[in-house]
Amino acid sequence: AQSVTQLGSHVSVSEGALVLLRCNYSSSVPPYLFWYVQYPNQGLQLLLKYTSAATLVKGINGFEAEFKKSETSFHLTKPSAHMSDAAEYFCAVSEGNRDDKIIFGKGTRLHILP
Amino acid sequence: ETGVTQSPTHLIKTRGQQVTLRCSSQSGHNTVSWYQQALGQGPQFIFQYYREEENGRGNFPPRFSGLQFPNYSSELNVNALELDDSALYLCASSLAGKSRTLEGRAFFGQGTRLTVV
């Protein structure tokens, strides 16, 4: 069975500081891994996706994530936080080339401090 | 803008009632998945339809059912509503090939916020 664990339900960073959202996964097959963002009262928007190609994945809005098989991690980073980054972030995993049956983590609320 | 639309956006129902939520998939997508997102939680997979047939189900009781139509729009039906069914319901459309492997990615709608009182 596949699962993801997001470390920290709330993360606060100052505007301009590094954003680091942590995610560890469990999968019995090579996983596809995702980060989604959800703004208040909105649906999910895909930030980036790992599909077994390059281990460093660049996404939208300056975010990137690195797949580390040895650590079973897929942490999300952004060098400099912006106020507009305040949102809920979900790490997710799927079984191979099936990103339509996605298992989501519980989410991390990112707060940006002025 | 994902090309996936859900209706209605908000809905209030009474415990015991039945509800139908609708999803219009992105053009050409043959697969739709439904998710339930309770307040403060991540989305949970309910079920998926591929070319009008159920193609996988999560840990939800039979009173959660669905339909997918020839134009690939879909419905989620919930019978005998319970208070715990209050949640944001999300649909995601995608394109799967003959082997049902993904040939793109899933696009999510904005969701329907269901409140059961």
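Residues numbered from 1 in each chain as written. Chains lettered and ligands numbered in written order. Predicted model: local features only at pLDDT ≥ 70, side-chain atom pairs only at ≥ 80, totals over all residues. Heavy atoms only, no water.

**Comments concerning the interface of chain B and chain A**
Moving on, step 1. Listed by partner, the interface residues are 24 residues for chain B and 17 residues for chain A.
Moving on, step 2. When the two sides are added together, the surface that chain B and chain A hide from each other amounts to roughly 1,700 Å², 49% of it contributed by carbon and sulfur.
Moving on, step 3. The interface formed by chain B and chain A contains 0 salt bridges.
Moving on, step 4. Connecting chain B to chain A are 3 residue pairs in polar contact (both at pLDDT 80 or more).
Moving on, step 5. Breaking the side of chain B that touches chain A down by element, the ones donating at least two residues are strand S4 (31–37), strand S5 (44–50), strand S6 (53–57) and strand S9 (87–94) of chain B.
Moving on, step 6. The leading source of residues in the side of chain B that touches chain A is S4(B), at 4 residues.
Moving on, step 7. Grouping the constituent residues of the side of chain B that touches chain A by class yields 8 nonpolar, 14 polar and 2 charged. (Contact = heavy atoms within 4.5 Å. Buried area = accessible area lost by both parts, 1.4 Å probe. Salt bridge = Lys/Arg side-chain N within 4 Å of Asp/Glu carboxyl O. Polar contact = N/O pair within 3.5 Å; in protein donor to acceptor, adjacent residues only side chain to side chain. Helix = DSSP H or I, 4+ residues; strand = E, 2+ residues; numbered from the N terminus. Nonpolar A, V, L, I, M, F, W, Y, C, P; charged D, E, K, R; others polar.)

**Notes on the state of the cysteines**
Residue and element names in this part refer to chain A.
Moving on, step 1. In the structure shown here, the tally under the stated rule is 2 disulfides over all chains.
Moving on, step 2. At a sulfur-sulfur separation of 1.9 Å, the disulfide partner of Cys23 is Cys91. Looking down the S-S bond of the Cys23 and Cys91 bridge, the torsion is -65°, so its handedness is left-handed. In this pair, Cys23 is assigned in strand S3 (residues 19–26) and Cys91 in strand S9 (residues 87–95), connecting sequence segments 68 residues apart. The same class applies to Cys23 and to Cys91, which are both buried. (Disulfide = S-S within 2.5 Å. Buried < 20%, exposed > 50% of the residue type's maximum accessible area, 1.4 Å probe, protein only.)

**Quick word on the sheet that holds strand S3 (residues 19–24) of chain B**
Residue and element names in this part refer to chain B.
Moving on, step 1. The sheet built from 4 strands is open, its strands ordered S1-S3-S8-S7 with antiparallel pairing. Bordering the open sheet on either side are strand S1 (5–7) and strand S7 (64–68), each of which pairs with just one other strand. Here the strands of the sheet are splayed against their neighbours by 20° on average, with no regard to which way each runs.
Moving on, step 2. Two strands pair when backbone bridges link them, and S3 and strand S8 (residues 74–78) are joined in this way by 5 bridges, in the antiparallel orientation. The partner of Cys23 across the bridge, within S8, is Ser74. (Pairing = 2+ DSSP bridges. Axes fitted to C-alpha atoms, helices over the stretch in contact; angles between N-to-C directions.)

**Digging into the sheet that holds strand S6 (residues 56–58) of chain A**
All names here are of chain A.
Moving on, step 1. An order of S1-S3-S8-S7-S6 is seen for the 5 strands of this open sheet, with the pairing classed as antiparallel. Of all the strands in the sheet, just strand S1 (3–7) and S6 have a single pairing partner and so form its edges. The average undirected angle you get between the axes of adjacent strands in this sheet is 20°.
Moving on, step 2. Bridge count between S3 and strand S8 (residues 73–78): 4 bridges; the pairing is antiparallel. Residue pairing in the sheet places Leu20 in a bridge with Thr77 of S8.

**Points about the pairing of S5(B)**
Residue and element names in this part refer to chain B.
Moving on, step 1. With respect to burial, S5 is a largely interior element, 6 of its 7 residues being buried.
Moving on, step 2. In this structure, S4 lies alongside S5, joined through 6 bridges in antiparallel fashion. Pairing of Ser33 across the sheet is with Gln48, part of S5.
Moving on, step 3. Examined bridge by bridge, S5 and S6 share 3 bridges and lie antiparallel to one another.

**Structural notes on the environment of B:Thr115**
All names here are of chain B.
Moving on, step 1. Following the sequence through the fold, Thr115 ends up in strand S11 (residues 112–116).
Moving on, step 2. According to the relative accessible area criterion, Thr115 is partly exposed, its value standing at 31%.
Moving on, step 3. Distance from Thr115 to Thr5, taken between C-alpha atoms, is 19 Å for residues 110 residues apart in sequence.
Moving on, step 4. Setting aside residues up to four positions removed in sequence, Thr115 forms contacts with Leu11, Ile12, Lys13 and Ser86.

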